[in-house]
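This is what each chain is made of:
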Amino acid sequence: MSIQLFGMAVSRGVAIGRAVLVASSRVDVAHYFVTPERIETEVERLRHARDAVAGELETLKHELPDDAPAELSALLDVHLMLLHDEALTGATKHWVRERHYNAEWALSAQLEVLARQFDEMEDEYLRERKADLEQVVERMLSALARDPGDVGAVAVSPIGVRDFGGEDPLVLVANDIAPADMLQFKRSVFTGFITDVGGRTSHTAIVARSMDIPAVVGAREASRLIRPDDWVVIDGDFGVVIVDPSPIMLEEYRFRQRQSELERARLDRLRHTPAVTLDGQVVELLANIEQPQDAAAALQAGAVGVGLFRSEFLFLNRGGDLPGEDEQFEAYRAAVQAMQGLPVTIRTVDIGADKPLERMSAQELRHEHVLNPALGLRAIRWSLSEPGMFRQQLRAILRASAFGKLRILIPMVAHLVEVRAVLDALTRARQQLDAAGRAYGAVEVGAMIEVPAAALNLGPFLQHFDFVSIGTNDLIQYTLAIDRADDAVSHLFDPWHPAVLGLIAGVIERALAAGKGVSVCGEMAGDPAFTELLLAAGLRSFSMHPAQIAAIKQRILRADTRRLALALPRVLQAEDPKAAAAAVFGAGAV
Ligand code: PEP
Ligand code: MG
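How each quantity is defined
- Per-chain numbering applies: the sequence of each chain, read as written, is numbered from 1 onward.
- Labels follow written order: the first chain is A, the first ligand is 1, and so on.
- The predicted nature of this model means local features are confined to residues of pLDDT at least 70 and side-chain atom pairs, given and counted, to a pLDDT of 80 or more, with totals for whole chains, interfaces and linings taken over all residues.
- Side-chain calculation: all heavy atoms of the structure are included, whereas hydrogens and water are not.
- Axis definition: a line fitted to C-alpha atoms, limited for helices to the stretch in contact. Angles are taken between N-to-C directions and run from 0 to 180 degrees.
- Numbered from the N terminus, helices here are DSSP runs of H or I no shorter than four residues, and strands are runs of E no shorter than two.
- Handedness of a crossing is defined here by the sense of rotation of the near helix relative to the far one, left-handed for an anticlockwise turn of less than a right angle and right-handed for a clockwise turn.
- Here, two residues are considered to be in contact whenever any of their heavy atoms come within 4.5 Å of each other.
- Side-chain classes follow a simple rule in which Ala, Val, Leu, Ile, Met, Phe, Trp, Tyr, Cys and Pro form the nonpolar group, Asp, Glu, Lys and Arg form the charged group, and the remainder, Gly included, forms the polar group.
- The patch calculation keeps residues exceeding 30% relative accessible area without a salt bridge and links them within 9 Å when they carry like charges or within 5 Å when they are nonpolar (Val, Leu, Ile, Met, Phe, Trp, Tyr).
- Values of accessible area rely on a 1.4 Å probe in the Shrake-Rupley scheme; residue burial ignores everything except the protein chains shown.
- A pairing counts as a salt bridge when a side-chain nitrogen of Lys or Arg comes within 4 Å of a carboxyl oxygen of Asp or Glu.
- In this tally Asp and Glu are treated as negative and Lys and Arg as positive; neither His nor the chain ends contributes.
- In plain terms, the charge of a residue is placed at NZ if it is Lys, CZ if Arg, CG if Asp and CD if Glu.
- A 1.4 Å probe rolled over the protein chains alone gives each residue an accessible area, and that area as a share of the maximum for its type sets the label: buried under 20%, exposed over 50%, partly exposed in between.
- Water is absent from the atoms considered, so a metal site may look incomplete; donors are defined as N, O and S atoms within 2.8 Å of the metal, or 3.2 Å for Na, K and Ca.
- Throughout this document, a residue counts as near a molecule or strand when at least one of its heavy atoms sits within 4 Å of that molecule or strand.
- By the criterion applied in these results, polar contacts are pairs of N or O atoms within 3.5 Å in which, for protein atoms, one can donate a hydrogen and the other can accept it, and in which residues neighboring in sequence qualify only through two side-chain atoms.
- Any angle from 65 to 115 degrees is called roughly perpendicular, while one under 35 is roughly parallel, one over 145 is roughly antiparallel, and all others are oblique.

Turning next to the packing of helix α12 (residues 325–338) against helix α15 (residues 387–400). Two quantities define a packed helix pair, namely the angle between the axes and the distance from one axis to the other. The geometry of α12 relative to α15 is characterised by a closest axis approach of 8 Å and an angle of 40 degrees between their N-to-C directions. The two elements α12 and α15 meet at a crossing, and its hand is right-handed. Note on element contacts: α15 touches α12 through Q392, Q393, R395, A396, I397, R399 and A400, opposite E325, D326, Q328, F329, Y332, R333 and V336. A class-by-class count of the residues in the contact of α12 with α15 yields 6 nonpolar, 3 polar and 5 charged.

Right, here's the structure in full:
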């Protein structure tokens, strides 16, 4: 019977596929697809591992001292029985043959299935056999690790990358995925994903959106209720997940899937159309990227530059081994060259909060290491606490600016002392490059306005920086005191809150009055519900995931900014700005 789960819609569209469960406890197990011609070799690896473990268990049994308790021998017999049980070995082969999983992945997938069956058993003695099964699987995984096979010939690739087709589509189900791990899923075969936890503007959701695949986060219990290989529908528009859908539901969702594909194809045609409003206002549509390779998607989508390169993703997933100046320089140069003369805005690292360094989960960080990471040593605070590292990054960006138009963006600044420290670090970095005889170009330096204190006290930022970029994700988080990654309070994460809108409109107005560039690079920029409002407030530069550009452009092409600007005060002064925006900007506006 089908079941429905509800979460938060983070990435639009409908995905239908078989569930692949990635248990957080087993992320260290190698996950990759094997090519069809390697399947039998992989099955053979499983057989060898089983025989090796059988040998180990037999030896242990024979070496038991005569006075050993009889239970020990009986336990080893149970392990041997589990090892040879078709439910483990036969079914594991199925994952290899049918799904093309590598042996380790197949084994953990089958453990997942069996563990659930054990959990549901009435009999306590039988339920406790789950621990024995886990021990047997651990032994098999160790045996497989000792016999990695001819990996060079296997399609070894991070989970999800499969270079052969013809299979059922796959959707990813997990309790949580760290933003760094999400990067692995980019360019993957997954057609959608679901997590139990997370908020709409958590960095995990942001990376999902940049992949442009339907996704639902905060669908509590999803990873417990969905079984491996279940058919699942992900409705990324409404945040609904349907497990084991009925044929009628499937037909309905396939229809919606076709409709949204048609809609995308229609929007794609706007790629080369300039973003100009009905009254002739030119609007700059920029891309948010996480890696230099994303620049291709930005160009493809018709972005006129990169408004936010989240450089911290170069620092994640490396076990604490940070990229040096040359490696960073190569990455920034690659991005600027890929953009073919269009401007690229590199944000200095925003480490901390839900993007901790090392392979440490945000949850661990929250509970074990830092009291409140979102309010702690994050972004520029972290960079200024590591001055050598910060100058190294600045030197790398400055050097890359010799190859194209680069701008530097500083995250989370709030204090004048921070502004001064940033400018001093830049001066030192330039001096160091001069001394080393290294070339660098001219760069504009901007501040992200994402802490309410900076929005309320904008003067120093407008005085000392060339431009500002509003980070609405954090501005909302800090204005409303809502952890953006916490699904327990996500219903209160409200971009329409009058305090939030007042701050955003105020920053735009004052920046324009000071003759400084102003952009929005938070998720609001890519959400069509806010396009008219931001245009009305005077915004002419929006930065978003490449996949969102066409939809925003479509709204811009239909907008008349004079009419919108006249209606703005009514929205900003309203008790319920969302309802007011729908009324004054037109029915389709929200
Ligand atoms: C923001 O806070 O709006 C922003 C763009 O930065 P990030 O989402 O990376 O914190
Ligand atoms: Mg931010």
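That was the structure; now back to the text.
This part is about a negative patch on the surface. On the surface, a cluster of negative charge is contributed by E122, D123, E124 and E128. When you line up the elements, E128 lands in the loop between α5 (124–127) and α6 (129–146). Residue classification places E128 among the partly exposed positions, given a relative accessible area of 44%.

The next point concerns unusual backbone geometry. Unusually for a residue other than glycine, D212 sits at a positive phi of about 60 degrees. Looking at the secondary structure, you find D212 in the loop between α8 (203–211) and β6 (215–217). For D212, a relative accessible area of 23% gives the class partly exposed. Residue A481 is not a glycine yet carries a positive backbone phi of 55 degrees. Along the chain, A481 falls in the loop between α19 (472–480) and α20 (498–513).

What follows covers the coordination of the magnesium ion (ligand 2). Distances from the magnesium ion (ligand 2) to its protein donors, E450 (OE) and D474 (OD), fall at 2.0 to 2.1 Å. A residue pair is termed long-range when its members are at least 10 positions apart, and E450 in the loop between β13 (444–449) and α17 (452–456) and D474 in helix α19 qualify at 24 residues. Like E450, the residue D474 is buried in the burial classification.

Let's shift gears to the site of ligand 1. H203, R310, R347, N473 and R484 are the nearest of the 17 residues found near ligand 1. Between ligand 1 and E450 there is a distance of 3.0 Å, counted from an oxygen atom to a side-chain nitrogen or oxygen. In the model, an oxygen atom of ligand 1 is placed 2.9 Å from a nitrogen or oxygen of the D474 side chain. The fraction of the free accessible surface of ligand 1 (290 Å²) that becomes covered by protein chains is 100%. Those elements that place two or more of their residues in the shell around ligand 1 are α8, β10 (306–310) and α19. The element contributing the most residues to the shell around ligand 1 is α19, with 3 residues. Partitioning the shell around ligand 1 into residue classes produces 4 nonpolar, 5 polar and 8 charged.

Looking now at the packing of helix α1 (residues 39–62) against helix α3 (residues 86–99). Taken N-terminus to C-terminus, the directions of α1 and α3 make an angle of 155 degrees; their axes are 9 Å apart at the nearest point. Between α1 and α3, the angle falls in the class roughly antiparallel. Crossing of α1 against α3: the hand is right-handed. Across the interface between the two elements, I39, E40, E42, V43, L46, R47 and R50 from α1 touch T89, T92, K93, V96 and R97 from α3. Grouping the constituent residues of the contact of α1 with α3 by class yields 4 nonpolar, 2 polar and 6 charged.

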